[in-house]
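# What the coordinates show
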Amino acid sequence: MARTFYGKLKAARKRKDLLALAKVAVHSEFGVVREAATAPLAAPLTRGSLADIPFDNARQVPKHVALRRRTEQGWMPVTAAEFAKQVAETAKGLMQAGLQPGGRVALMARTRYEWAVLDFAIWAAGGQTVPVYPTSSAVQLEWILEDSGATLAVAEDAATAGVIKQAMTIVNRDLPVWVIEEGGLEQLAQLSLGVSDEALAERRAGLNPQSVATIVYTSGTTGRPKGCVLTHAALHSEAANLVALLVPAFKAASRKDPSTLMFLPLAHVLGRALEIVCLQGRITIGLWPTIKPDEVRPELESFKPTFLVAVPYFFERIHDIARATAEKIGRASSFDRADRIAVKYGDEQMRWLLGRGKGPGLGLRLAHGLYDLLVYRRVRAAMGGNVRYVISGSSRLDARLSSFFFGCGVLVYEGYGLTETSAAATVNPPLEPRAGTVGVPIPGGGVRIADDGEIMLRGPELFSGYWLNEAATVATMQGNWFATGDLGALDTDGYLTITGRKKDILITSGGKNVSPSQLEDRLRSRPPVGQCMVVGDGRKYVVALITLEAEEMEHWLSVRKRRLDLPFAELAQDPELLRQVQAAVDYANEAVSRAESIRAFTLVEGDFTEENGLLTPSLKVKRYAVAEAYAQEIEDLYAQ
């Protein structure tokens, strides 16, 4: 039960060895904390590469279940020995197909078991992986193929293979392409028969910590994507230090071996880092191709992970689905009370956990116990039933939502990082989290706040630079500090809070600086808001474009016995719906001053998606693209 979890957390906090894992040193200037650093927990990689991980695991723990693979029979175990064997076969097949040491392979597929096999096989063959989002267009892929100089390609299915062939036509290149769903790995296994084990071992031995492991292209919200060069040493440092920091505390508090179902795209650095963390830390992992809650929930129930890593959208949808379920059976008011109880209980438990309060009183405990039976256990069940920890990244999670989940018995850890930092640069320590912050520097890393508030990062997990783009590399580096373009502040204990994006800061005509992300994050946390964008640069006041979450609206109309095909123009004028959206706007405005608040909004038809070019693959709004697409709607808001 949830209350047992809180007790285990408290017991784990009494262990000084666990609390000592994230000791942070801070440096202040004129009474303001400007720098924070955490000592490394893992030794740096001094020889070899990430390619050795499957083979080391197979030698040391051959029967350990390294992964679970989704088949028609369910989630079937794959031992360390079995995984290493398939990696070796695929690597030798790539060698026979012409992959040279240092050669690059474009890998265009959704998150799936074969992705992990191919990633480690490319490394074992001495190559470098160039991940490509499966939703990329031929024009986007053309740039990546041309810039990276990839010599081989792997596609997930016929559709992605078609996009690769289109892109090859544009750049006038003819690359060998293997298609996963058309027996691509089996074909490579057949080719492997022409390569000896000794030849493969020689390829692996030719790698060293500073060898390039991967070139990961940024989302390209402005201009062409840049290729971030990540070495084996950088990715190893990220993975090894996170394993050393998180796994001991997770095991002590849950008393279960950690496992996770990963549904983030492996083309994104956060998903990629998790893949390496799990295989290096011998954490059983399953790979699933979609983040859509309705599609992933049955798999969570089947897989039953102990922790999850996701983006705020996933947690927002789990909360919204829980409320929608209650509303369908006429229990919306009960859920709203359960929501308030969970937030209050979560806040009180956190203060108790950190030694700053007595914990929930008797009345609150009784109310929580009732709603645990009615609501909270269903929230936990939606994540598989065994999840007690979730790590949220990519963008900011509303602090109230974090408290709600902790009240349900699921502790949320927020982190922060970029492609250039091999994923996480900061993370909340496992036994000392602070809601609303993204934690402290990961072990071995450092954070500095520049004079203008920009977040600067350093550490062994930092990238080597932008591929074939020295000018861009020089522009973002100040000595050994990387300039992120994000704005933030450090507290007295070295916890970082993100306050905005330097390039996204809006300056109203009255001279007021407004961080749109703070308003947008809070707006998206309230149904029926889908995506949104705050506007106001050079204007008298701030306004917002708001889309409606399709599933939420279907539910909203259904419980009110309204037509599901109601025209958008009519829906956008519905007084009840507008009041509900206004409540979400009011909630967002609570976090800012009057001058920064949203004064007007308009509902816009459709959604911001990656497919229509308004979202990046990591679900960040392309601000210029949205502003251009909805230019008239913006002008109409200011004409009111």
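The following refers to the structure shown. Since the model is a prediction, treat every value here as computed from it, not as a measurement.

### Regarding the overall build of the protein
Summing up its helical and strand segments, the protein has 23 helices and 28 strands in all. For the protein, the C-alpha radius of gyration of 25 Å lies close to 26 Å, the compact-globule estimate for 640 residues. With respect to the three principal axes, the spread of C-alpha positions in the protein is 70 × 60 × 55 Å. The buried share of the protein, taken over its 640 residues, is 58%. Sequence-distant contacts, at least 24 apart, represent 68% of the contacts inside the protein between residues at least 6 apart. Of the roughly 26,200 Å² that the protein leaves accessible, carbon and sulfur atoms contribute 51%.

### Remarks on the sheet that holds strand β11 (residues 259–262)
Strand order in the open sheet made by the four strands is β4-β3-β12-β11, with mixed pairing throughout. Two strands bound the open sheet, and with one partner strand each, they are β4 (74–79) and β11. Here the average twist between neighbouring strands, direction ignored, is 25°. Sheet analysis places strand β3 (residues 65–71) next to strand β12 (residues 284–287), joined by two bridges and oriented parallel. Across the sheet, residue L67 finds its bridge partner in β12, namely I285. Contacting β3 and β4, helix α4 (residues 80–96) runs over the sheet at an angle of about 80° to β4. Sheet strands touched by helix α11 (residues 269–280): β3, β11 and β12. Its angle to β11, the strand with the most contacts, is close to 150°.

### Topic: the packing of helix α12 (residues 293–303) against helix α13 (residues 312–328)
Two packed helices can be described by the angle between their axes and the distance between those axes. Following both chains from N to C, one finds α12 and α13 inclined at 85°, their axes separated by 11 Å at the closest point. In this view, α12 runs roughly perpendicular relative to α13, as classed from their interaxial angle. Contact with α12, carried on its side by P293, D294, V296, R297 and L300, involves Y313, F314, R317, I318 and I321 of α13 and no other residues of that element. Residue composition of the contact of α12 with α13, grouped by class: seven nonpolar, no polar and three charged.

### Things to note about the side chain of S597
Along the polypeptide, S597 turns up in the loop between α21 (575–589) and β28 (598–603). Polar contacts involving the side chain of S597 include one to the main-chain carbonyl oxygen of R594, which spans 2.7 Å.

### Quick notes on the pairing of strand β5 (residues 104–108)
In terms of burial, β5 is largely enclosed, as five of its five residues are buried. Neither face of β5 is exposed, since R104, A106 and M108 on one face and V105 and L107 on the opposite face are all buried. Bridge count between β5 and strand β6 (residues 128–132): five bridges; the pairing is parallel. Looking across to β6, one finds that R104 is bridged to Q128. A crossover links β5 with its parallel partner β6, the connecting element being helix α5 (residues 113–124), and its sense is right-handed. Where β5 lies against strand β7 (residues 152–155), four bridges are found, and the strand directions are parallel. Residue pairing for β7: V105 is matched across the bridge by L152.

### Observations concerning the packing of aromatic side chains
This structure, assessed with the given rule, holds 18 aromatic pairs. On the basis of an interplanar angle of 80° and a centroid distance of 6.2 Å, the ring pair of F83 and F120 is categorised as edge-to-face. Taken as a pair, F83 in helix α4 and F120 in helix α5 lie far apart in primary sequence, 37 residues in all. Residue class for F120 comes out buried when judged on its relative accessible area of 0%. Among the aromatic residues, ring-to-ring pairing joins F263, F314, F315, F335, F404 and F405 into one connected group.

### Some remarks on the sheet that holds β28
Taken together, the three strands give an open sheet; going across it, the order is β26-β27-β28, and neighbouring strands pair in mixed fashion. Where the open sheet ends on each side, the last strands, each with one partner, are β26 (529–535) and β28. Strand-to-strand twist across the sheet, computed as the mean angle between neighbouring axes with direction ignored, equals 25°. In terms of strand pairing, strand β27 (residues 542–548) meets β28 through five bridges, oriented parallel. Within β28, the position partnered with A544 by the bridge is F601. Packed on one face of the sheet, helix α18 (residues 516–524) meets β26, β27 and β28 and runs near 160° to β26.

### A few points about unusual backbone geometry
Across the junction of P527 and P528, the peptide omega takes the value 5°, indicating a cis bond. As for its position among the elements, P528 is in the loop between α18 and β26. Its identity is not glycine, yet N172 carries a phi of approximately 55°, on the positive side. Among the secondary structure elements, N172 is positioned in the loop between α7 (158–171) and β8 (177–179). For K561, which is not glycine, the phi torsion reads 55° and is therefore positive.

Conventions and cut-offs
- Residues numbered from 1 in each chain as written.
- Predicted model: local features only at pLDDT ≥ 70, side-chain atom pairs only at ≥ 80, totals over all residues.
- Heavy atoms only, no water.
- Helix = DSSP H or I, 4+ residues; strand = E, 2+ residues; numbered from the N terminus.
- Rg over C-alpha atoms; globule rule 2.2 N^0.38 Å.
- Buried < 20%, exposed > 50% of the residue type's maximum accessible area, 1.4 Å probe, protein only.
- Contact = heavy atoms within 4.5 Å.
- Areas by Shrake-Rupley, 256 points an atom, 1.4 Å probe, with all protein chains shown as cover.
- Pairing = 2+ DSSP bridges.
- Axes fitted to C-alpha atoms, helices over the stretch in contact; angles between N-to-C directions.
- Parallel < 35°, antiparallel > 145°, perpendicular 65-115°, else oblique.
- Nonpolar A, V, L, I, M, F, W, Y, C, P; charged D, E, K, R; others polar.
- Polar contact = N/O pair within 3.5 Å; in protein donor to acceptor, adjacent residues only side chain to side chain.
- Right-handed = clockwise from strand over helix to strand, strands pointing away.
- Phe/Tyr/Trp six-rings, centres within 6.5 Å; stacked < 30°, edge-to-face > 60°.

From the geometry alone we can't say anything about function, so treat these as descriptive.
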